[in-house]
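Architecture and fold: a report
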Amino acid sequence: MNPYIALTRPGNAILTAIAVIAGAFIASGSDIMEFKTEITICSISAMMLVGGGNALNDYNDRESDKLNHPKRPIPSGQIKAETALNYAQLLLALGLLILFFTLANKMPFVIALMGIGTLIAYENGLKSAGITGNISVGLMSGSVFLYAGMAVNDPGPTLWIFGLAVLATISREIIKDIQDLKGDQDRTTLPTKIGVNNALNLATFILLVAVGLSYTAINSFENLARIAYVGGISLANGIMLLGIYNSKLENYFAGQKNIKQGMGLAMLAFILAAGLS
């Protein structure tokens, strides 16, 4: 894969664009086509911002990635570190400028600007501050849905999935920190501070809160939409809990992947229920 594309982690960028479309649909329902221009612009911008954020993360993690992720573009020598940094800054700037100059509604720009502020704080200190760094990543992930809701002028319906995404991402990030523990010698992550078992117990608790919260959204739907939501969200929760089970077996890679898969299914459950409402 071209190193410039690999730096952005294109799978994540595409999933982010899908999340924007999903959030817009959850918020606007059948009126989504009235906002097709705004959603297209916000999706393109989101892909640039996520790609830039991933490139910046790879630049800052270039030393630990020599052990944790040696095949990534910088540690493998496919691209110079300074080039990656410049590329990250370009993508982040373009992502913001597109929003500012093409949308009359400035709220998506404000959400994106706050996200970049959180990203910079994360990369320049919060990443090494234990749970604070995990919370920062959770907020950045969940804000995609608020961003999408702002794009269609109605963020309210996206609050449920925002909360679920924040909590599930925090849990996943803690497990990822456990997975990368050996290579994170330059970072004081949560597992370093409180130990692997305590960190995993906290990740389990946070995910269980997310699972419980997911069922409180049932009253937002009626009839067939409610049935579809309960079925979809139960499947999603089961896969995320499988992630905790795998992590307890010290298969942290599978564990964090399961949580990511469950989050994707949870998003589909919200989309399906919103479409049937």
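The rules behind each value
- Along each chain, the written sequence defines residue order, and numbers are assigned to residues from 1.
- In view of the model being predicted, local features appear only for residues whose pLDDT reaches at least 70, and side-chain atom pairs are presented and counted only at 80 or more, with totals across whole chains, interfaces and linings using the full set of residues.
- Excluding hydrogens and water, the side-chain values take into account all heavy atoms of the structure.
- Helix and strand labels come from DSSP, where a helix needs a run of H or I of at least four residues and a strand needs a run of E of at least two; each type is numbered from the N terminus.
- Partly exposed describes any residue whose relative accessible area lies between the buried limit of under 20% and the exposed limit of over 50%, with all areas from a 1.4 Å probe on protein chains only and scaled to the type maximum.
- A patch consists of residues whose relative accessible area exceeds 30% and which take part in no salt bridge; residues with like charges are grouped when within 9 Å of each other, and nonpolar side chains (Val, Leu, Ile, Met, Phe, Trp, Tyr) when within 5 Å.
- Throughout, the Shrake-Rupley method with a 1.4 Å probe supplies accessible areas, and for residues the shown protein chains are the sole cover considered.
- Basic side-chain nitrogens of Lys or Arg form a salt bridge, by our definition, when they fall within 4 Å of a carboxyl oxygen of Asp or Glu.
- Think of a nonpolar core as a cluster: buried Ala, Val, Leu, Ile, Met, Phe, Trp, Tyr and Cys residues, connected wherever their side-chain atoms sit within 4.5 Å.
- Residue contacts are defined here by distance: any two heavy atoms, one from each residue, within 4.5 Å place the two residues in contact.

The next subject is unusual backbone geometry. Phi angles above zero are rare outside glycine, and Arg9 is one such case at about 50°. Mapped onto the elements, Arg9 comes out in the loop between α1 (3–8) and α2 (10–28). Positive phi outside glycine occurs at Asn153, with the angle close to 65°. In this structure, Asn153 sits in the loop between α7 (131–151) and α8 (159–179). A relative accessible area of 55% means that Asn153 is categorised as exposed.

A separate point is a nonpolar patch on the surface. A grouping of Leu90, Leu94, Leu97, Phe100 and Phe101 is seen on the molecular surface, where their side chains present a nonpolar patch of about 490 Å² in accessible area. Counting through the fold element by element, Leu94 comes out in helix α5 (residues 81–102).

Moving on, we come to the nonpolar core. Counting 52 residues, the largest nonpolar core has Leu99, Tyr147, Tyr229 and Phe270 as its most contacted members. At the level of secondary structure, the elements contributing two or more residues to this core comprise α2, α3 (36–60), α5, α6 (107–123), α7, α8, α11 (223–248) and α12 (252–276). At 9 residues, the largest contribution of residues to this core is made by α5. Ignoring sequence-local partners within four residues, the contact set of Tyr229 consists of Leu164, Ser214, Ala217, Ile218, Phe221, Ser234, Ala269, Phe270 and Ala273. Membership of the second largest hydrophobic core comes to 18 residues, among which are Leu146, Ala168, Leu190 and Ile244.

Following the criterion strictly, the structure yields 4 salt bridges and no others. We note a salt bridge from Asp58 to Arg72, for which the minimum N-O separation is 3.5 Å. Here the residue Asp58 occupies a position in helix α3, and Arg72 occupies one in the loop between α4 (65–68) and α5, the gap between them amounting to 14 residues. Asp58 gets classed as buried once you look at its relative accessible area, which sits at 2%. The partner of Lys176 in a salt bridge is Glu173, with the nearest N and O atoms 3.5 Å apart. Taken together, the positions of Lys176 and Glu173, both in helix α8 and 3 residues apart, correspond to about one turn of that helix. Take Lys176: its relative accessible area is 26%, and that puts it in the partly exposed class. When its relative accessible area of 8% is taken as the criterion, Glu173 is described as buried. One network of salt bridges, in which partners are shared, links Arg9, Asp58 and Arg72.

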